[in-house]
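Observations on chain architecture
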There are 2 protein chains.
Amino acid sequence: MTTNNTLEQVLAALDSARAETEASLIEWLRIPSISAQPAHAADCRSAAGWLLKELEAIGFAARLRETPGHPVVIASHPGTGGDAPRVLIYGHYDVQPPEPLALWTSPPFEPVVTEGPRGPRLVARGAVDDKGQVLTWLAALRAWHKVAGGPPLPVTVLVEGEEEIGSANLDAVLAEEKAALSADLALISDTNMWAPGVPALTVSLRGMAYVQIDLKLGDRDLHSGLFGGSAGNVLNLLTRILGELHDEEGRIRIPNFYDGVIEPGGNERAAWDALGFDEAAFLGAQGLSVPGGERGRSAPERLWARPTADINGIWGGYMGEGSKTVIACEGHAKLSCRLVPGQDPARIVEGIREFVQSRLPADAKLELQVFGLAPGVSIPTDSLVVQAAAAVLEEEFGRKAVLAGGGGSIPVVSSLKGILGLDSLLMGFGLDDDQVHSPNEKFELACLHAGSRSHARLMARLAAPKG
Amino acid sequence: MTTNNTLEQVLAALDSARAETEASLIEWLRIPSISAQPAHAADCRSAAGWLLKELEAIGFAARLRETPGHPVVIASHPGTGGDAPRVLIYGHYDVQPPEPLALWTSPPFEPVVTEGPRGPRLVARGAVDDKGQVLTWLAALRAWHKVAGGPPLPVTVLVEGEEEIGSANLDAVLAEEKAALSADLALISDTNMWAPGVPALTVSLRGMAYVQIDLKLGDRDLHSGLFGGSAGNVLNLLTRILGELHDEEGRIRIPNFYDGVIEPGGNERAAWDALGFDEAAFLGAQGLSVPGGERGRSAPERLWARPTADINGIWGGYMGEGSKTVIACEGHAKLSCRLVPGQDPARIVEGIREFVQSRLPADAKLELQVFGLAPGVSIPTDSLVVQAAAAVLEEEFGRKAVLAGGGGSIPVVSSLKGILGLDSLLMGFGLDDDQVHSPNEKFELACLHAGSRSHARLMARLAAPKG
């Protein structure tokens, strides 16, 4: 049985183990588990193996579940309590590519602790997304193991290695491992706090449709003097097409793009307005001042409840030093749309295809590669679990948790619901300035430890909700 | 005195020396004299030195004239005739960068002779632009030296090493070497024939304004989920701006762009129509079918008498394998405009700057690098020299030479006129499918040898116009 006294001991154990928790995370961060780059496949496997070993050390039955890509860590512990709900904790051990390397102040896979304005932070690729956040519940499980022999409720762990590249193999694993992954709710730590010291639960997520547009016009590169004015130019074409993606109001012109998008109600808008989101500060911290997105909509609405179209990369022609008077024959762009509940990712991709194809001259060739599809997700805020988590965060941080929308996508949330019937709780401890997906990604040590304590509290609360 | 018999002997000597001419060109082509890439500065100097040696071997007083960049070869020969006009022959020993290397069927600086549909051709970077064309007059000079002890008229040679990068140092050389470069006309071999077996004189040239647009928006790359819908996206911005360069009629929207452009008269249009330019075949050879440029204008007009705006390269964001959900903070594009007589290149650059700047949000930063400026040029077709060259070409090829406009730019033509007071004769032996500035650049051996014979004839004709 879990008592308040047990929880206090667990929290004390966490506090005593801070240095070990940090050292453990640093060790894991050294492994360059970059899922997008085949050259790092062995590193991905090592990162999975590291977690496997750590879970076995605290009494979990753990295994590496093979896939056509990177393996998945599946582990479980019966817990020490009696009749308690089983929680399935999801995370990912893979990380984003670190490029551009030249902009890192320290090597991306040689973690360092540096002093920031709010205290020490750990700088490395994966520091927060997602290894640091995984450590927040792993540290809690270690403390529960040390104090009570195990967690107060049954726990299953599911940590994959392809989240950053679209989790192509995950749905099959979920379907084939239904028995092993059976649980009462899912817990995911891959989102942000509202602000330093202000916790949040993420209650909606945007989806994703990510494509690469490959255009070819002509058999070879041409001399722009000999052919300019007669030959089509694929880069003129590509920029004209992409330049038409948005109208002057910031509305996206992809056919059927807004089909199914649900307008937020007055309550939601009022709740968002009450947050006092300071967009000027949010953008100012990044050296920006002019908001993008659709005119006439508030910042929370544009970040959480409206879809987007962002060019993530573009290239073609001569990119070297100086000048080359060439009309290239190939141009490429990576384009991704964040989606909201109601939009169908596959229809969005077809809309993109139609948008581009209808603007091509007869002699241009289009190839579209699809790198990721996930629908938007909305989580009911009146559920018992959300209420329990909100209470836990208020206890730990001394202030109410914000029920926030998330701008990013966590496609597994839809998969967990669709395949395993699980609702997810999104309780994360990142900060907006952590520079995820950028050089110099960091995780504040205060967030690591407050997150660990929050997870320890949550396990007690979920195991004995009435206690 | 030059007699018809002497010219016949010179032509015979050229024919006997074919293998040596080819071997000589191959030797020169091995030197990777890429002016745009500082790593090849020593190779540029070697290429200059090679030519110096070859000219000294046939009686020229030759020197390397230093500049802040690559050196210029200046050489002269008094000729064997009496009162004959002095011709200044211009060429360049530098070549375009060979990238993309993967598309070459043989290494760009390991010349090979391959069999083409019309006979053998030499494949290498610089094979036609410009080393092969330089060899057409160098071979003629060698034959004149062998048969008659020297050319029949005084010849000065001016071969620079920065043509492909905008000839930034050439004007100063021309101004400072006026005495050494004094002549009666200039001869340049860097243009094309009308078709295989059909010679041409180029009587107009387009100018050039080449810039690089560097846009910065924000201090760092951002996560597209956390920031999409609020943060500006520099690649969305860059494509939107570049996408507005042309209207639906193909007309360029740069402010003041068409100021000073002279509409061709009825005569010119009639002459162009009479050429029977087959645009479908011209484009079809490159795997294209839909003409670019301004609607309602003929192909010769669009290629020779209308200005253009071509994006030569574009890059920014994530360009690697797979996906990265990033909003980049930097985007770049290389943009060049071919200009026609009447347009002021410096005003065009200011127009481009205004075009971009006026479309930027307040937090975006623009830098514009200027890589080349040259006005368009028009050469009077009724001059004695043009008539003489037309006659020479008709003799060599057995058919009338076409008086054609050139689509490309040869900025030195304006400099030779403005600084040395020289008119230029543009007689070249390239072909439209030589793939200049592309992988697998080639020069047909038939063109090399017919060009050499044409230059030999021209020297005789210019030395004794009444004979």
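What you see is a predicted model; the values in this text were computed from it and never measured.

Thresholds applied
- Residues numbered from 1 in each chain as written.
- Chains lettered and ligands numbered in written order.
- Predicted model: local features only at pLDDT ≥ 70, side-chain atom pairs only at ≥ 80, totals over all residues.
- Heavy atoms only, no water.
- Helix = DSSP H or I, 4+ residues; strand = E, 2+ residues; numbered from the N terminus.
- Rg over C-alpha atoms; globule rule 2.2 N^0.38 Å.
- Buried < 20%, exposed > 50% of the residue type's maximum accessible area, 1.4 Å probe, protein only.
- Contact = heavy atoms within 4.5 Å.
- Salt bridge = Lys/Arg side-chain N within 4 Å of Asp/Glu carboxyl O.
- Polar contact = N/O pair within 3.5 Å; in protein donor to acceptor, adjacent residues only side chain to side chain.
- Nonpolar A, V, L, I, M, F, W, Y, C, P; charged D, E, K, R; others polar.
- Pairing = 2+ DSSP bridges.
- Axes fitted to C-alpha atoms, helices over the stretch in contact; angles between N-to-C directions.
- Parallel < 35°, antiparallel > 145°, perpendicular 65-115°, else oblique.
- Left-handed = near helix turned anticlockwise from the far one by under 90°.
- Expected span 1.5 Å × (residues − 1).
- Least-squares fit on C-alpha atoms with pLDDT ≥ 70 in both.
- Core = buried A, V, L, I, M, F, W, Y, C linked by side-chain atoms within 4.5 Å.
- pLDDT = per-residue confidence, 0-100.
- Domains from an automatic or database assignment.
- Buried area = accessible area lost by both parts, 1.4 Å probe.

So, the overall build of chain A
When its secondary structure is counted, chain A shows 14 helices and 18 strands. The C-alpha radius of gyration computed for chain A amounts to 24 Å, which stays within 12% of the reference 23 Å derived for 467 residues, consistent with globular compactness. Each principal axis of the C-alpha atoms in chain A carries an extent, and together these give about 80 × 50 × 45 Å. Looking at chain A residue by residue over its 467 residues, the buried ones come to 62%.

Brief notes about the interface of chain B and chain A
Of the residues lining the interface, 86 residues belong to chain B; the matching set on chain A comes to 86 residues. The tally of links between chain B and chain A comes to 0 salt bridges. On inspection of chain B and its partner chain A, the count reaches 56 residue pairs in polar contact (both at pLDDT 80 or more). Ranked by the residues each element gives to the side of chain B that touches chain A, the list is headed by strand 11 (residues 310-317) of chain B, at 8 residues. Residues that form the side of chain B that touches chain A fall into these classes: 33 nonpolar, 36 polar and 17 charged. Where strand 11 (residues 310-317) of chain A meets strand 11 of chain B, 5 bridges bridge the pair, whose relative direction is antiparallel. Note that in strand 11 of chain B the partner of Trp315 of chain A across the bridge is Trp315 of chain B.

Here's the deal with the pairing of strand 9 (residues 207-217) of chain B
All names here are of chain B. Burial of strand 9 is extensive: 10 of the 11 residues sit out of reach of the surface. Relative to strand 14 (residues 364-374), strand 9 runs antiparallel, the two sharing 10 bridges. If you follow Met208 over to strand 14, its bridge partner there is Ala374.

Here's the deal with the environment of Ala401 of chain A
Residue and element names in this part refer to chain A. Take Ala401: it is sitting in the loop between helix 12 (384-397) and strand 16 (402-405). Along the sequence, Ala401 and Asp259 sit 142 residues apart, while their C-alpha atoms lie 33 Å from each other. Other than its neighbours up to four places away in sequence, Ala401 contacts Pro199, Ala200, Ala390 and Leu393.

Brief notes about the packing of helix 12 of chain A against helix 14 (residues 445-463) of chain A
Residue and element names in this part refer to chain A. At their nearest, the axes of helix 12 and helix 14 sit 9 Å apart, and the two run at 135 degrees to each other. One element, helix 12, and the other, helix 14, form an angle in the oblique class. Where helix 12 crosses over helix 14, the two elements pack in a sense that is right-handed. Side by side, helix 12 and helix 14 meet where Ala388, Ala389, Ala391, Val392, Leu393, Glu395, Glu396 and Phe397 of the first sit next to Ala450, Arg453, Ser454, Arg457, Leu458 and Arg461 of the second.

A few points about the pattern of salt bridges
Tallied over the full model, the rule gives 62 salt bridges over all chains. Across the salt bridge formed by Glu396 of chain A and Arg457 of chain A, the nearest N and O atoms sit 2.9 Å from each other. Taken together, the residues span a long stretch of sequence, with Glu396 of chain A in helix 12 and Arg457 of chain A in helix 14 at a distance of 61 residues. Each member of the pair, Glu396 of chain A together with Arg457 of chain A, is buried. Across the pair Lys442 of chain B and Glu444 of chain B runs a salt bridge, and its minimum N-O distance is 2.6 Å.

Here we look at helix 12 (residues 384-397) of chain B
Residues and elements named next belong to chain B. The end-to-end C-alpha distance of helix 12, which contains 14 residues, comes to 20 Å, matching closely the 20 Å that a straight helix rising 1.5 Å per residue would cover. Those residues of helix 12 that sit buried are Val386, Ala388, Ala389, Ala390, Val392, Leu393, Glu396 and Phe397. In this structure, the buried residues of helix 12 make contact with strand 8 (200-205), strand 16 (402-405), strand 17 (424-426) and helix 14 (445-463). Backbone geometry just after helix 12 places Gly398 at a positive phi near 75 degrees.

A closer look at the sheet that holds strand 3 (residues 87-92) of chain A
Strands in a sheet are paired, the pairing made by backbone hydrogen bonds, and the direction either parallel or antiparallel. Residues and elements named next belong to chain A. Taken in spatial order, the 6 strands make up an open sheet running 1-2-6-3-7-17, and their pairing is mixed. The open sheet has two free edges, formed respectively by strand 1 (61-65) and strand 17 (424-426), since each of these has just one partner strand. Within the sheet, the average angular offset between the axes of one strand and its neighbour, ignoring direction, is 20 degrees. Sitting on the sheet, helix 3 (residues 41-57) touches strand 1, strand 2 (72-77) and strand 6 (155-160), and the angle it makes with strand 1 is about 165 degrees.

Some thoughts on the relation of the copies chain B and chain A
Superposing chain B onto chain A requires a rotation of 180 degrees together with a translation of 0.1 Å along the rotation axis, leaving an RMSD of 0.1 Å. In symmetry terms, the pair is related by a two-fold rotation axis.

Concerning the packing of helix 2 (residues 18-29) of chain B against helix 3 (residues 41-56) of chain B
All names here are of chain B. Where helix 2 contacts helix 3, the two axes come as close as 10 Å, and the packing angle between them is 150 degrees. Compared by their axis directions, helix 2 and helix 3 come out roughly antiparallel. Within the contact between the two elements, helix 2 uses Ser24, Glu27 and Trp28 and helix 3 uses Ala47, Trp50, Leu51 and Glu54. Residue classes in the contact of helix 2 with helix 3 are distributed as 4 nonpolar, 1 polar and 2 charged.

Focus: the nonpolar core
A general trend in soluble globular proteins is that nonpolar side chains are found buried together. Ile213 and Leu215 of chain A together with Ile213 and Leu215 of chain B are the most contacted members of the largest nonpolar core, which totals 102 residues. Look past the residues within four positions of Leu215 of chain A in its chain and what remains in contact with it is Val234, Leu237, Leu238, Ile241, Cys329, Glu330, Gly331, Val356, Leu360, Lys365 and Leu366 of chain A.

Brief notes about the side chain of Thr308 of chain A
Mapped onto the elements of the fold, Thr308 of chain A is located in the loop between helix 10 (299-305) and strand 11. The contact partners of Thr308 of chain A, leaving out residues within four places of it in the chain, are Arg206, Ile252, Phe257, Ser336, Cys337 and Arg338 of chain A together with Gly228 and Gly229 of chain B.

Some details on the sheet that holds strand 5 (residues 119-123) of chain B
Residues and elements named next belong to chain B. The 3 strands are arranged 4-5-18 in an open sheet whose pairing can be described as antiparallel. Each of the sheet's edge strands pairs with one partner strand only, and the pair in question is strand 4 (112-116) and strand 18 (442-444). If you compare each strand with its neighbour and ignore which way they point, the axes differ by 35 degrees on average. Pairing of strand 4 with strand 5 involves 5 bridges; the strand directions are antiparallel. Bridging across to strand 5, Val112 finds its partner in Val123. Across the sheet, helix 14 is in contact with strand 4, strand 5 and strand 18; its angle to strand 18 comes to roughly 60 degrees.

Topic: the confidence of the model for chain A
Taken residue by residue, chain A gives an average pLDDT of 95. The fraction at 70 or more is 99%. Taken over the whole predicted complex, pTM reads 0.81, whereas the ipTM for its chain interfaces reads 0.81.

Digging into the environment of Asp363 of chain B
Take Asp363 of chain B: it is sitting in the loop between helix 11 (345-357) and strand 14. Note: C-alpha distance between Asp363 of chain B and Leu217 of chain B (146 residues apart in sequence) is 6.5 Å. Beyond its immediate sequence surroundings of up to four residues, Asp363 of chain B is in contact with Gly287, Leu288, Ser289 and Val290 of chain A together with Lys216 and Leu217 of chain B. From its side chain, Asp363 of chain B meets the backbone nitrogen of Ser289 of chain A in a polar contact 2.6 Å long.

Considering the domain arrangement of chain A
Residues and elements named next belong to chain A. Taken domain by domain, chain A consists of domain 1 (3-205 + 376-463) and domain 2 (207-262 + 282-374). On a C-alpha basis, the centroid separation for the pair domain 1 and domain 2 is 33 Å. At the junction of the two partners, domain 1 supplies 16 residues and domain 2 supplies 11 residues. Around 990 Å² of area is buried between domain 1 and domain 2 when both sides are counted, 56% of it from carbon and sulfur atoms. In this assembly, domain 1 and domain 2 are joined by 0 salt bridges. At the level of secondary structure, the elements contributing two or more residues to the side of domain 1 that touches domain 2 comprise strand 8 (200-205), strand 15 (377-378) and strand 16.

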